[in-house]
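# Structure assessment
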Amino acid sequence: MAQDDPPEDPDKSTEWAEVRTDLAEDRNIMAMERTFAGWMRTSFAAIGIGLGFKAVFGAFDPPWLAKAIATMFILAGGWLAITAERRACHTLDKLQTHKFEVISTPNFRALAYAIAAGSLVLTAGLWVLNDGAISG
């Protein structure tokens, strides 16, 4: 008998309950993956806001103020990525798949750490580079 087939004996309601529980756990895993993707979008949005702020208000006086505000948003985007990865991996460790294959956690880590590293490189470039030339 397949796992999602109804029990042959109507008195085996326990089997039905186990099937429903297994499917609910799979839905929870899929919801966690969607939540992770949402946090990654939020992370990219924060980085984009930082870049946009620097582009629009680059001629602020004092000049470091626009960089400082942009840096805050860019680093917040990197922090959000790492935080989302840790929460997703923690949740995934508590759940077991039954009907589908879950995305492996190293992929979550690779994406989150790539975003965080990118935000650090972007921040360094924001402070070190000035009109394409390295500042003295």
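Notes on the structure in this doc start here. It should be emphasised that the depicted structure is a prediction, and the values quoted were computed from it without experimental measurement.

## Considering the overall build of the protein chain
Along the backbone of the protein chain there are three helices and two strands. Reading the protein chain from its N end, one meets helices and strands in the order α-α-α-β-β. Burial analysis of the protein chain (136 residues in total) assigns 29% to the buried set. Within the protein chain, contacts between residues at least 6 apart in sequence are counted, and of these 73% link residues at least 24 apart.

## Focus: the pattern of salt bridges
Two side chains bearing opposite charge may form a pair once their charged atoms approach each other closely. All told, the structure shown has one salt bridge when counted by the stated rule. A salt bridge links R109 to E85; the shortest N-O distance between them is 3.1 Å. Here R109, found in helix α3 (residues 105–128), pairs with E85, found in helix α2 (residues 63–94); they are 24 residues apart in sequence, far enough to count as distant. Taking the relative accessible area as the measure of exposure, R109 reaches 36% and is therefore partly exposed.

## What to know about the packing of aromatic side chains
In total, this model carries two aromatic pairs according to the counting rule given. Considering the side-chain rings of F36 and F108, the 4.3 Å spacing of their centres and the 55° angle between planes classify their relative orientation as tilted. In this pair, F36 is assigned in helix α1 (residues 13–56) and F108 in helix α3, connecting sequence segments 72 residues apart. Of the residues examined, F36 reaches a relative accessible area of 6% and is grouped as buried. Judged by relative accessible area, F108 falls into the buried class, the value being 4%. Between F53 and F57 the ring centres are 4.8 Å apart and the planes differ by 45°, which places this aromatic pair in the tilted class. Exposure remark for F53: the relative accessible area of 18% places this residue in the buried category.

Definitions and limits used
Residues numbered from 1 in each chain as written. Predicted model: local features only at pLDDT ≥ 70, side-chain atom pairs only at ≥ 80, totals over all residues. Heavy atoms only, no water. Helix = DSSP H or I, 4+ residues; strand = E, 2+ residues; numbered from the N terminus. Buried < 20%, exposed > 50% of the residue type's maximum accessible area, 1.4 Å probe, protein only. Contact = heavy atoms within 4.5 Å. Salt bridge = Lys/Arg side-chain N within 4 Å of Asp/Glu carboxyl O. Phe/Tyr/Trp six-rings, centres within 6.5 Å; stacked < 30°, edge-to-face > 60°.

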